[in-house]
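# Working through the structure, step by step
Spelled out from the first residue to the last, the chains are:
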Amino acid sequence: MADSTPTDAEAACFEAGIKFGSLYHQFAGTPVSPESAASLETAIEESIENQPHCAGVTVEIQREELEAELAESSADYTELTGRFLEVEIVVDYEGREVVTRMAMEDGYPLMKLESVRDTT
């Protein structure tokens, strides 16, 4: 098998994967409450946007799921997990824009590639 250089689109997809891995594993377990959800969303977005080639991050902490979790608990907060998150990450690498999303699917937080397009 001959070696080949990754295409710009492949490199952009790789960059998106790095950002999702960082986001999920950096913030999973963070204490979160309905009162702190908005500031945590902003902190996650701004943290991931610092990474190279990141054109945008949108994080939504699902308040209804968070409140349902807390209704069954004596605590005022819980830990952040994928089931509370909906995320979109946009990467722009060498004229290729990659849009990725994470959302719950069949009880599991799935990260998937939504689109790849040429922006040149």
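Per the secondary structure count, the protein includes 3 helices and 6 strands. For the protein, the α and β elements follow one another from N to C terminus as α-β-α-β-α-β-β-β-β. For the protein, the C-alpha atoms occupy an extent of roughly 60 × 30 × 20 Å along the three principal directions. Within the protein, counting contacts between residues at least 6 apart in sequence, those at least 24 apart form 55% of the total. Between the averaged position of the 7 positive side-chain charges in the protein and that of its 26 negative side-chain charges there is a distance of 5 Å.

Our focus in this paragraph is helix α1 (residues 8-27). For α1, spanning 20 residues, the distance from its first C-alpha to its last is 29 Å, which sits close to the expected 28 Å at 1.5 Å a residue. Regarding α1, the residues found buried are Ala11, Ala12, Glu15, Ala16, Lys19, Phe20, Leu23, Tyr24 and Phe27. Residues of α1 that are buried make contact with α2 (37-49), β2 (54-61), β4 (85-93), β5 (96-105) and β6 (108-118). Count one or two residues on from α1 and you reach Gly29, which has phi positive near 95 degrees.

In this section: the sheet that holds β2. The sheet built from 4 strands is open, its strands ordered β2-β4-β5-β6 with antiparallel pairing. What marks the edges here is a single partner per strand, and that holds for β2 and β6. When strand polarity is set aside, the average angle formed by the axes of neighbouring strands in this sheet is 10 degrees. Here β5 runs beside β6; their pairing, made up of 10 bridges, is antiparallel. Looking at β6, one finds that Met104 is bridged to Pro109. Seen against the sheet, α1 touches β2, β4, β5 and β6 and runs at an angle of roughly 145 degrees to β4.

So, how was this worked out
Residues numbered from 1 in each chain as written. Predicted model: local features only at pLDDT ≥ 70, side-chain atom pairs only at ≥ 80, totals over all residues. Heavy atoms only, no water. Helix = DSSP H or I, 4+ residues; strand = E, 2+ residues; numbered from the N terminus. Contact = heavy atoms within 4.5 Å. Lys, Arg positive; Asp, Glu negative; His and termini not counted. Charge placed at Lys NZ, Arg CZ, Asp CG, Glu CD. Expected span 1.5 Å × (residues − 1). Buried < 20%, exposed > 50% of the residue type's maximum accessible area, 1.4 Å probe, protein only. Pairing = 2+ DSSP bridges. Axes fitted to C-alpha atoms, helices over the stretch in contact; angles between N-to-C directions.

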